[in-house]
Amino acid sequence: MGAEIVGVMERRTFLIQSSMAATAALLPIPTRGEEAQSWPRYSGATVIDALGAPGTSSFGKRIPLTASELSDATASGLTAVNVTVSGVGSYTKDFEETLRNIAFWEEQITAHPDALMKVTRSADVAEAKKSGRLGIIYGFQDGTPLGESLERLDLFYDLGVRIILFTYNLRNLVGDGCLEPGDAGLSLFGRKLIGRMNAKRVLVDLSHCGHRTTLESIEVSQQPVAITHAGCTALADLPRNKTDEHLRKLADKGGVFGVYLMPFLRTAGQPMAEDVIQHIEHAINICGEDHVGVGTDGVISAINATPEFQKTFREEIAQRRKLGISAPGEREDVFTFVPDLNIPGRFQKLAYLLSKRGHSDKQIEKIIGGNFYRLFREVWGG
């Protein structure tokens, strides 16, 4: 029996590796020529990735940026990006981990002042655009670094954090994440946190949150909120995605919904640019053109799907499952990026594709960054 199980596992591993190798073979080679597929007004637009990071490494590994990665950040045309500085899922480690991540990005910004700048107010976004630098916005992807202390919000605000996502799939003291079967919603602590964030003018992010946590947070907040990176449940019924009800209520409060470039855009198979466009267009139909943007949930530089990358990718998926934070839709044979947008100029190409689909220049400006910029101005102020 043991040999039979081993044989099954070996065949499964071979199939996974073969599938990923075939997918990798189909990946477009990133070239500057591809980035020429650009919407003519792109260079003048404010372009914002509502969740991402410069570089090619995974979030949180604190690997210094290379000259090539900095060049990609400049070539991307991005004005600003919400970079995750929080730890995820551990009350014993995430406070210190978050401080280390913030220190790392402070070092990177100081080391590369010609390419990067820190964003703590909406005027900084304008300055980043004017100076041709990439604005770095510090954001959380879990409430765990706050522990049980609302006062920690003041500390992190002073360090530059301007966006806080409440739950990373699971339950914490703020509320329930999207994988919690009980769907208990927002806690009393979470309601107090929203009040304090509103007072400090920190943006509430409801990506990864459960159904009730999302709806209740929108209702409780006195300011517009964001869903920085998600997809539409109507197109792919997976826990990480948001329902039409979520989208409507978000828009009613003036918020913005960011479409990600992740496996959850489909219930099976590798998502491509066409899927991204479909989710954007569905969100526009539900929210209206003033409430839709893009949060890639990825890195700026193109990813080279080498055998070493694929091995690491499989290991990371396995580790996420072990920790209980892997969401349905995460698979070893589906990459966490969109192959035909696997170039630094992915926002340029998205704008081009939207234009080809008949979207107006005004709509495209809003989708690739204008809507999030408006939200930042409303919540952060000048």
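Let me sum up the structure you'll find in this document. (Residues numbered from 1 in each chain as written. Predicted model: local features only at pLDDT ≥ 70, side-chain atom pairs only at ≥ 80, totals over all residues. Heavy atoms only, no water.)

### Here's the deal with the packing of helix H5 (residues 122–131) against helix H13 (residues 361–380)
Item 1. Two numbers describe how H5 lies on H13: the axes approach to 8 Å, and their chain directions differ by 145 degrees. Two secondary-structure elements touch here, H5 through Ser122, Val125 and Ala126 and H13 through Tyr373, Phe376, Arg377 and Trp380.
Item 2. Considered class by class, the residues forming the contact of H5 with H13 number 5 nonpolar, 1 polar and 1 charged. (Axes fitted to C-alpha atoms, helices over the stretch in contact; angles between N-to-C directions. Helix = DSSP H or I, 4+ residues; strand = E, 2+ residues; numbered from the N terminus. Contact = heavy atoms within 4.5 Å. Nonpolar A, V, L, I, M, F, W, Y, C, P; charged D, E, K, R; others polar.)

### Examining the nonpolar core
Item 1. Counting 77 residues, the largest nonpolar core has Phe166, Phe257, Val276, Ile280 and Ile368 as its most contacted members.
Item 2. Among the elements that take part in this core, helix H10 (residues 273–287) stands out by supplying 8 residues, more than any other.
Item 3. Once you skip the residues sitting within four places of it in the chain, Phe257 turns out to touch Ile227, Ala230, Gly231, Cys232, Lys242, Leu247, Leu250, Ala283, His291, Val292, Gly293 and Phe372.
Item 4. Of all hydrophobic cores here, the second largest spans 16 residues; its members include Val119, Ile137, Phe372 and Trp380. (Core = buried A, V, L, I, M, F, W, Y, C linked by side-chain atoms within 4.5 Å. Buried < 20%, exposed > 50% of the residue type's maximum accessible area, 1.4 Å probe, protein only.)

### Overview of the pairing of strand E5 (residues 134–140)
Item 1. Within E5, 7 of the 7 residues are buried, leaving the element largely enclosed by the surrounding structure.
Item 2. Sheet topology note: the strand E3 (residues 80–84)/E5 ladder contains 5 bridges and is parallel. By the bridge assignment for E5, Val83 is matched with Tyr138.
Item 3. In the sheet, strand E4 (residues 116–119) pairs with E5 via 4 bridges, with the strands oriented parallel. Each bridged residue has a counterpart across the sheet, and for Lys118 the counterpart in E5 is Ile136.
Item 4. In this fold, the crossover linking E4 to E5 by way of H5 has right-handed handedness.
Item 5. One ladder, built from 3 bridges, connects E5 with strand E6 (residues 161–165); its direction is parallel. Bridge pairing in E6 links Tyr138 to Val161.
Item 6. Following the backbone out of E5, through helix H6 (residues 152–158) and into the adjacent parallel E6, one traces a crossover that is right-handed. (Pairing = 2+ DSSP bridges. Right-handed = clockwise from strand over helix to strand, strands pointing away.)

### What to know about unusual backbone geometry
Item 1. With phi around 65 degrees, Arg201 is a residue other than glycine that occupies positive phi space.
Item 2. As for its position among the elements, Arg201 is in the loop between helix H7 (188–200) and strand E7 (203–205).
Item 3. One non-glycine residue, His208, lies in the positive phi region at around 70 degrees.
Item 4. Note on placement: His208 falls in the loop between E7 and helix H8 (211–220).

### Observations concerning the pattern of salt bridges
Pairing between side chains becomes possible if they bear opposite charge and their charged atoms approach one another.
Item 1. For the structure on display, the rule yields 23 salt bridges.
Item 2. For Arg171, the salt bridge is made with Asp176, and the minimal N-O distance between the two is 2.6 Å.
Item 3. When its relative accessible area of 49% is taken as the criterion, Arg171 is described as partly exposed.
Item 4. Accessibility expressed as a relative area gives 2% for Asp176, which makes it buried. (Salt bridge = Lys/Arg side-chain N within 4 Å of Asp/Glu carboxyl O.)

### Thoughts on the side chain of Asp205
Item 1. Here Asp205 is to be found in strand E7.
Item 2. Although Asp205 is buried, it makes no salt bridge; Lys242 carries the closest opposite charge, 7.7 Å away.
Item 3. Among the polar contacts made by the side chain of Asp205, one reaches the side chain of Ser207 at a distance of 2.9 Å.
Item 4. Ignoring sequence-local partners within four residues, the contact set of Asp205 consists of Ile163, Ile164, Leu165, Phe166, Ala226, Ile227, Thr228 and His229. (Lys, Arg positive; Asp, Glu negative; His and termini not counted. Polar contact = N/O pair within 3.5 Å; in protein donor to acceptor, adjacent residues only side chain to side chain.)

### As for the pairing of strand E9 (residues 256–259)
Item 1. The alternating pattern of E9 places Val256 and Gly258 on one face and Phe257 and Val259 on the opposite face, and all of these are buried.
Item 2. By the bridge criterion, 3 bridges tie strand E8 (residues 226–230) to E9 in an arrangement that is parallel. Its bridge partner being in E9, Ala230 is matched across the sheet by Val259.
Item 3. For the handedness criterion, the β-α-β arrangement of E8, helix H9 (residues 244–252) and E9 is classed as right-handed.
Item 4. Taken together, the 3 bridges between E9 and strand E10 (residues 292–294) define a ladder with parallel strand orientation. Across the sheet, residue Phe257 finds its bridge partner in E10, namely Val292.
Item 5. Note on the crossover from E9 through H10 to E10: the handedness is right-handed.

### Quick look at the side chain of Arg133
Item 1. Residue position: Arg133 is located in the loop between H5 and E5.
Item 2. There is a polar contact of 2.9 Å between the side chain of Arg133 and the side chain of Ser131.
Item 3. Among all residues touching Arg133, those that are not within four sequence positions of it are Leu78, Thr79, Pro113, Asp114, Ala115, Leu116, Met117, Glu127 and Ala128.

### A word on helix H11 (residues 307–323)
Item 1. The end-to-end C-alpha distance of H11 is 24 Å, a good match for the 24 Å that 17 residues give at a rise of 1.5 Å each.
Item 2. Along H11, the positions that sit buried rather than exposed are Gln310, Phe313, Ile317 and Arg320. The arc that holds every buried residue of H11, seen down its axis, measures 85 degrees, which confines them to one face. The exposed residues of H11 that point more than 90 degrees off its buried face are Pro307, Glu308, Lys322 and Leu323. (Expected span 1.5 Å × (residues − 1). Arc of directions from axis to C-beta.)

### Let's talk about H13
Item 1. If you check H13, its first and last C-alpha atoms are 26 Å apart, about what 20 residues at 1.5 Å a residue would give, namely 28 Å.
Item 2. Roughly 65 degrees is the biggest bend found in H13, and it falls at Ile367.
Item 3. Along H13, 14 of the 20 residues are buried, which leaves the element largely enclosed by surrounding structure.
Item 4. Residue Gly381 follows H13 closely and has a positive phi angle near 80 degrees. (Bend = angle between axes of the 7 residues up to and from the residue.)

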